[in-house]
Amino acid sequence: MIGIASPRNDLPPAPSMPMPAPAAFPSPPYQARDPRPSTKTHASSSNPPSQAPEQRSDEEIVIAVMGATGSGKTTFINTVSGSQMRISSGLRSCTSIVQITPPFMLDGRSIRLIDTPGFDDTTKSDTEILRMIALFLTEAYQHGKKLAGVVYIHRISDFRMGGISTRNFKMFRQLCGDSTLKNVIILTNMWGHVGKDVGEARERELASDELFFKPVLEKGAQMLRHDHTLESAQAIIKRLLDNNPLVLQIQREIVDEKKDISQTSAGTELNKELAIEMERHRKEMMDLQEEWQAAMNAKDEETKREIEAEAKKLKKEMDRIEQETKNLANNFQKEKADLEKRMKEMDAEAREEQQRLQEQYRRQMEELENQRRMDADQSRERQEQYSRQIAELQQRSRGGGFFGAIGRVIDKVFGLDKIPPQVTASLGLPAYD
């Protein structure tokens, strides 16, 4: 695969200029359904996202949720899982790290959802977001963990699929690859913000345009609607429960093909975007150079100072892009090595802790079962209370699990474990138990 060279190597240098010294609807359209004529989906009856009477499989089902910042990822996850992840209500994004829900039960299956930050985050660069997501996914894959599905969320209320949405979807496609698209759901939401006819027209355009979702739908992805109800959210997740978990493209490229992150499809796409951005800034710098020369000739000192200030800001942005390109590969290797070292250390600690918790769990279960047998003549309400306590204990016994462990270690790798708990809560960052 041909990688994209950094801006330093493939772009001419920005022109120099004297610079100052640096200073300090109605319900029917909302049903989860595929907009293509041949497919219909109806939401089934639902139960709260808690304990089910019996689990059909002991294997935990893991599903990732992706999309642009503000698309409603966290709201969807909170609705279906019963979690309380912080939701952004302003311009600042809340999901700036990978977050994992505690396990919850649906149709007798234990499920975890992974909340990923968008590639337009207000607090982290796109290269940081890619490194973080790649670290999480590759470490999981190296330990034999695969995703049962991916939900990509898009706001139907968007007037058009602009630059931010297009960039996020491009990165999503490069992360997943084509071979996993049969396990992908393209989910449209925020139908209440548009009229029925407008929403359906946008839906048809998204599903039929080669520039939007048509290519992935033709390769097996589903396009469904969400009406922000628990019933709708559960119907969507149920679509993925019986999937055969598949390896994402980013996992295969880094783990199996031993590629550097900058050589992966996602890394190449991101480098290409950065190169385009650098080229645009280079042209802007040339325009400023011409304006500065004109102000110089006209002896317009005020305009000259304004242009110099603008050029200084632009130069700073160009330096940032160049540094991002370098950091993508360099930082990822360091972070990956640190993550693997910390995971090994945690494995040893976890084995001891697991033994202690298993013994505690066994004693508590025995006590509850003995108490229930002794109170066999008690009321039905009392018996149901024992059953609920046993189910809650079984749920808690699963603990953070492997994915919770990765989350804790990635927090340490990116320095997020040093944030005080009250600040973590205010930013909406997860607290792993």
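Residues numbered from 1 in each chain as written. Predicted model: local features only at pLDDT ≥ 70, side-chain atom pairs only at ≥ 80, totals over all residues. Heavy atoms only, no water.

Caption draft 1: Looking closely at the overall build of the chain. When you go through the chain residue by residue, the secondary structure sums to 13 helices and 7 strands. In the chain, which comprises 433 residues, the share counted as buried stands at 48%. Taken as a whole, the chain presents about 22,000 Å² of accessible surface, with 49% of it coming from carbon and sulfur. (Helix = DSSP H or I, 4+ residues; strand = E, 2+ residues; numbered from the N terminus. Buried < 20%, exposed > 50% of the residue type's maximum accessible area, 1.4 Å probe, protein only. Areas by Shrake-Rupley, 256 points an atom, 1.4 Å probe, with all protein chains shown as cover.)

Caption draft 2: Summary view of the side chain of Glu 324. Along the chain, the position of Glu 324 falls in helix H10 (residues 301-374). Residues contacting Glu 324, with those up to four places away along its chain left out, are Ser 125, Asp 126, Thr 127 and Leu 274. (Contact = heavy atoms within 4.5 Å.)

Caption draft 3: Quick peek at helix H4 (residues 163-176). Taking 1.5 Å as the rise per residue, H4 with 14 residues should run 20 Å; its terminal C-alpha atoms sit 20 Å apart, in good agreement. All buried positions along H4 are accounted for by Ser 165, Asn 168, Phe 169, Met 171, Phe 172, Leu 175 and Cys 176. For H4, the angular spread of buried residues about the axis comes to 165°, placing them on one side. (Expected span 1.5 Å × (residues − 1). Arc of directions from axis to C-beta.)

Caption draft 4: Quick peek at the pairing of strand S5 (residues 149-155). With 7 of 7 residues buried, S5 lies mostly within the body of the structure. Alternating residues of S5 divide into Gly 149, Val 151, Ile 153 and Arg 155 and Val 150, Tyr 152 and His 154, and every residue in both groups is buried. Here 5 bridges tie strand S1 (residues 61-67) to S5, and the two strands are oriented parallel to one another. Across the sheet, the residue bridging to Val 65 is Val 151, located in S5. Inspection of the sheet shows S5 paired to strand S6 (residues 184-189) by 6 bridges, in the parallel sense. Its bridge partner being in S6, His 154 is matched across the sheet by Thr 188. On the question of chirality, the crossover connecting S5 to the parallel S6 by way of H4 is right-handed. (Pairing = 2+ DSSP bridges. Right-handed = clockwise from strand over helix to strand, strands pointing away.)

Caption draft 5: A look at a negative patch on the surface. Taken together, the side chains of Glu 284, Asp 287, Glu 290 and Glu 291 present a region of like negative charge at the surface. Relative to the elements of secondary structure, Glu 290 occurs in helix H9 (residues 265-297). Looking at Glu 290, the relative accessible area reads 55%, which means it is exposed. (Patch = residues over 30% accessible without salt bridge, like charges linked within 9 Å, V, L, I, M, F, W, Y side chains within 5 Å. Salt bridge = Lys/Arg side-chain N within 4 Å of Asp/Glu carboxyl O. Lys, Arg positive; Asp, Glu negative; His and termini not counted. Charge placed at Lys NZ, Arg CZ, Asp CG, Glu CD.)

Caption draft 6: How the structure looks around the packing of aromatic side chains. Per the stated rule, a full pass over the model turns up 4 aromatic pairs. Aromatic ring contacts, followed pair by pair, group Tyr 152, Phe 169, Phe 172 and Phe 213 into a single cluster. The ring of Trp 191 has Arg 225 sitting right over it, with the charged end atom 4.2 Å from the ring centre. (Phe/Tyr/Trp six-rings, centres within 6.5 Å; stacked < 30°, edge-to-face > 60°. Lys NZ or Arg CZ within 6 Å of the ring centre and 35° of its normal.)

Caption draft 7: Region of interest: the pairing of strand S7 (residues 222-225). Every second residue of S7 is oriented toward a common face, with Gln 222 and Leu 224 on one face and Met 223 and Arg 225 on the other, all of them buried. Bridge count for S6 against S7 is 4 bridges, and the pairing is parallel. Paired with Ile 186 across the bridge in S7 is Met 223.

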